[in-house]
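# Summary of the model geometry
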Amino acid sequence: MSWIIPGLVLFGLLIWGLSRLARYFRHRSALHQRKLAERIVFIERYRFPIVLRNRLAEALSTLDAAGLDRVLENLRLFFMLVATRPGVTLGMPSRAVDIAWHEFILLTREYTAFCDQAFGGYLHHTPQSGRTFERNAALGETHQAGIAFARSGLGAGVTLALGAGAGAALFELDRALAVPGGYQFQDGDFQRFELARLAQREASGGTSSGGESSTGSGRTTESEASGDGGGDGGGCGGGCGS
């Protein structure tokens, strides 16, 4: 029976260690949520440079003032989705928003300062993958991020501005604004996106592969991947990086 007291001591130490570990993870989760909330508030309140709007008006000359406002609000939404999905590759479902993002990047000082506050480092804009499966998986991540964001209560001002369907706003924007060469999707596309997303996560052990860059915040996104309006949901939106 001499082992009973040492056994109880070891059991007590195990319980103490587990409780400390649980407290650590709760504390870490709380810190993460607080930092995320701070970043979302920063993005929500950020005022895009006036020169960005002027450049966007030239690049999207068919849009009126209300249309330009809508593009910039969807760019804001996309940045919020990126902030909620660290290390995950998000696809870009709107040509208009992608153009706005390009123009913002060209304002190097403002864009770099924005990224430092919004993401903790530079958000890289990478060309689309040449593989339909990877494009679909990235768009599936964006779609799911949008749904989760709309339900989260974060970014209430942006959600209010974009309406009840804020989670799908990015996918509907080009059609709604009749953007020349815009990306358009059909209902069947989203099922393909989700199947590709799940398959990608399973293949990579539960996370979306390709979501890290070598520098900055470790976030990257896929740009200009879209459906073609004809039902295949994986057509290319055009070259990127020019």
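About the cut-offs
- Residues numbered from 1 in each chain as written.
- Predicted model: local features only at pLDDT ≥ 70, side-chain atom pairs only at ≥ 80, totals over all residues.
- Heavy atoms only, no water.
- Helix = DSSP H or I, 4+ residues; strand = E, 2+ residues; numbered from the N terminus.
- Buried < 20%, exposed > 50% of the residue type's maximum accessible area, 1.4 Å probe, protein only.
- Contact = heavy atoms within 4.5 Å.
- Areas by Shrake-Rupley, 256 points an atom, 1.4 Å probe, with all protein chains shown as cover.
- pLDDT = per-residue confidence, 0-100.
- Polar contact = N/O pair within 3.5 Å; in protein donor to acceptor, adjacent residues only side chain to side chain.
- Core = buried A, V, L, I, M, F, W, Y, C linked by side-chain atoms within 4.5 Å.
- Patch = residues over 30% accessible without salt bridge, like charges linked within 9 Å, V, L, I, M, F, W, Y side chains within 5 Å.
- Salt bridge = Lys/Arg side-chain N within 4 Å of Asp/Glu carboxyl O.

A word on the overall build of the chain. Scanning the chain for helices and strands turns up nine helices and three strands. Along the chain direction, N to C, the helices and strands of the chain fall in the order α-α-α-β-α-α-β-α-α-α-α-β. Out of the 242 residues belonging to the chain, those deemed buried represent 43%. Within the chain, residue pairs in contact and separated by at least 24 positions form 75% of the contacts whose partners lie at least 6 positions apart. On the chain, roughly 12500 Å² of surface is accessible, and the fraction owed to carbon and sulfur atoms is 56%.

A word on the confidence of the model for the chain. Where the model shows low pLDDT, its predicted coordinates should not be examined in detail. Considering every residue of the chain, the mean pLDDT works out to 78; 69% of them sit at 70 or more. Across residues 209–220 the pLDDT falls below 50, and counting only partners more than four positions away or on other chains, this stretch makes 41 contacts in the model. Across residues 224–242, confidence stays below pLDDT 50; counting only partners more than four residues off in sequence or on other chains, it has 62 contacts.

Its identity as a non-glycine residue notwithstanding, Ala 178 has a phi of 55 degrees, on the positive side. Within the secondary structure, Ala 178 is located in the loop between α8 (169–177) and α9 (187–203).

This paragraph deals with the side chain of Thr 142. Relative to the assigned elements, Thr 142 resides in helix α6 (residues 132–152). Of the polar contacts made by the side chain of Thr 142, one reaches the backbone oxygen of Gly 91; its length is 2.7 Å. Ignoring anything within four residues of it in the chain, the contact list for Thr 142 reads Leu 81, Leu 90, Gly 91, Pro 93, Leu 170 and Phe 171.

A few words on the nonpolar core. Of all hydrophobic cores here, the largest spans 44 residues; its most connected members are Val 71, Phe 79, Trp 101, Phe 104, Phe 114 and Phe 119. Within the residue set of this core, elements represented by two or more residues are α1 (4–45), α2 (50–59), α3 (65–84), α4 (95–106), α5 (108–119), α6 and α8. Considering each element in turn, this core owes the most residues, eleven residues, to α3. Other than its neighbours up to four places away in sequence, Phe 79 contacts Ile 43, Phe 48, Trp 101, Phe 104, Tyr 111, Phe 114, Phe 119 and Leu 123. Grouped together as the second largest cluster of nonpolar side chains are five residues, Leu 139, Phe 171, Tyr 183 and Phe 193 included.

Along the chain, Glu 73 falls in helix α3. Exposure remark for Glu 73: the relative accessible area of 22% places this residue in the partly exposed category. Along the primary structure Glu 73 and Phe 48 are separated by 25 residues, whereas in three dimensions their C-alpha atoms are 9.9 Å apart.

Together, Phe 11, Leu 14 and Ile 15 line one region of the surface with nonpolar side chains, adding up to about 300 Å² of accessible area. Inspection of the secondary structure puts Phe 11 in helix α1. With relative accessibility at 51%, the residue Phe 11 sits in the exposed group.

Another aspect to go through is the pattern of salt bridges. Applying the stated criterion across every chain, the model contains eight salt bridges. Residue Asp 69 is joined to Arg 53 by a salt bridge in which the shortest nitrogen-to-oxygen separation is 2.4 Å. Linking Asp 69 in helix α3 with Arg 53 in helix α2, this pair joins segments that are 16 residues apart in sequence. Taking relative accessible area as the criterion, Asp 69 reaches 39% and is therefore assigned partly exposed. A salt bridge links Glu 141 to Arg 197; its shortest N-O distance comes to 4.0 Å. With Glu 141 in helix α6 and Arg 197 in helix α9, the pair connects residues that are 56 residues apart, well separated along the chain.

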